[in-house]
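# Structural characterization, general
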Amino acid sequence: MRVFTTIIIGLGVLVALPLAPRAGQEEQFTPEFKEVRSSYDAKHTPKLAAPDSVKRGQWFEVTVTVGAGSAHPSLAEHFVRYIALYKDSAEIARVYLHPVFSYPKAVFTIALDEGGTLRAIAEPTHSAAWEGSKKITVTR
């Protein structure tokens, strides 16, 4: 599978690079906390806006907003740490957000070789990560 990505937020362009976890970081979270929640919650569930079908290799936008019912707060004490986009189980891109100054939304420009499920994972402070998904078809 060949996947391309550019992450655009506001007027700036960011490139997502994999980051290694800090030493000891894994130990601070229990298995229950690290669990991804796929149930619906109006404040935490990521909402994906993308076409249902695209042409193979064609660039298109996927907009992820955290909070399917209303936008998640962006406060110093409670905010969305990151939004990650997956195609099936492969991570395509990830954006890290800053408290107070970042709206809980990211726009990803991607191209796909094959259809599948787009999955958005958003991890707020004070809770485990939440998942939203959308099926996408790729035509020739």
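Data block above holds the structure.
This structure is a prediction, so every number in the text was calculated from the model and none was measured.

Below, the discussion takes up the environment of V64. Residue position: V64 is located in strand β5 (residues 60–66). Exposure remark for V64: the relative accessible area of 0% places this residue in the buried category. Linking V64 and L85, residues 21 residues apart in sequence, is a C-alpha distance of 8.5 Å. For V64, the contacting residues outside a window of four places in its chain are P46, K47, L48, I83, P104, K105, A106, F108 and A120.

A few words on the pattern of salt bridges. In this structure the tally under the stated criterion is seven salt bridges. The salt bridge partner of R81 is E123, with a shortest N-O separation of 3.0 Å. Taken together, the positions of R81 in strand β6 (residues 80–87) and E123 in strand β9 (residues 116–124) put the pair 42 residues apart, joining distant regions of the chain. Note that K87 and D88 form a salt bridge whose closest N and O atoms lie 2.9 Å from each other. Through salt bridges that share partners, K87, D88 and E114 make up one connected network.

Here the focus is the sheet that holds strand β10 (residues 130–139). On the basis of which strands lie adjacent, the open sheet formed by five strands has the order β4-β10-β9-β6-β7 and mixed pairing. Since the sheet does not close on itself, it has two edges, and those belong to β4 (53–55) and β7 (90–96), each with one partner. On average, each strand axis in the sheet is inclined to that of its neighbour by 25°, with strand direction left out of account. In this sheet, β9 lies alongside β6 in antiparallel orientation, the contact comprising seven bridges. Considered in β9, the bridge of K87 is made with L118.

Residues F60, V62, I83, F108, I110 and L118 are the most contacted members of the largest nonpolar core, which totals 23 residues. Of all the elements, β5 adds the most residues to this core, at four residues. Counting five residues, the second largest nonpolar core, distinct from the first, contains A84, Y86, I121 and A129.

Of all seven residues that make up β5, six are buried, and the element is covered over most of its length. Bridge analysis of strand β3 (residues 46–49) against β5 gives four bridges, and the strand direction is antiparallel. Within the sheet, the bridge partner assigned to P46 lies in β5 and is V66.

On to the packing of aromatic side chains. Throughout the structure, instances matching the rule amount to one aromatic pair. The ring of Y82 has R94 lying over it, and the distance from NZ or CZ to the ring centre is 4.1 Å. The cationic tip of R119 hangs over the ring face of Y86; the distance from NZ or CZ to the ring centre is 5.0 Å.

Quick notes on the rules
Residues numbered from 1 in each chain as written. Predicted model: local features only at pLDDT ≥ 70, side-chain atom pairs only at ≥ 80, totals over all residues. Heavy atoms only, no water. Helix = DSSP H or I, 4+ residues; strand = E, 2+ residues; numbered from the N terminus. Buried < 20%, exposed > 50% of the residue type's maximum accessible area, 1.4 Å probe, protein only. Contact = heavy atoms within 4.5 Å. Salt bridge = Lys/Arg side-chain N within 4 Å of Asp/Glu carboxyl O. Pairing = 2+ DSSP bridges. Axes fitted to C-alpha atoms, helices over the stretch in contact; angles between N-to-C directions. Core = buried A, V, L, I, M, F, W, Y, C linked by side-chain atoms within 4.5 Å. Phe/Tyr/Trp six-rings, centres within 6.5 Å; stacked < 30°, edge-to-face > 60°. Lys NZ or Arg CZ within 6 Å of the ring centre and 35° of its normal.

All quantities given are derived from atomic positions and should not be read as evidence of function.
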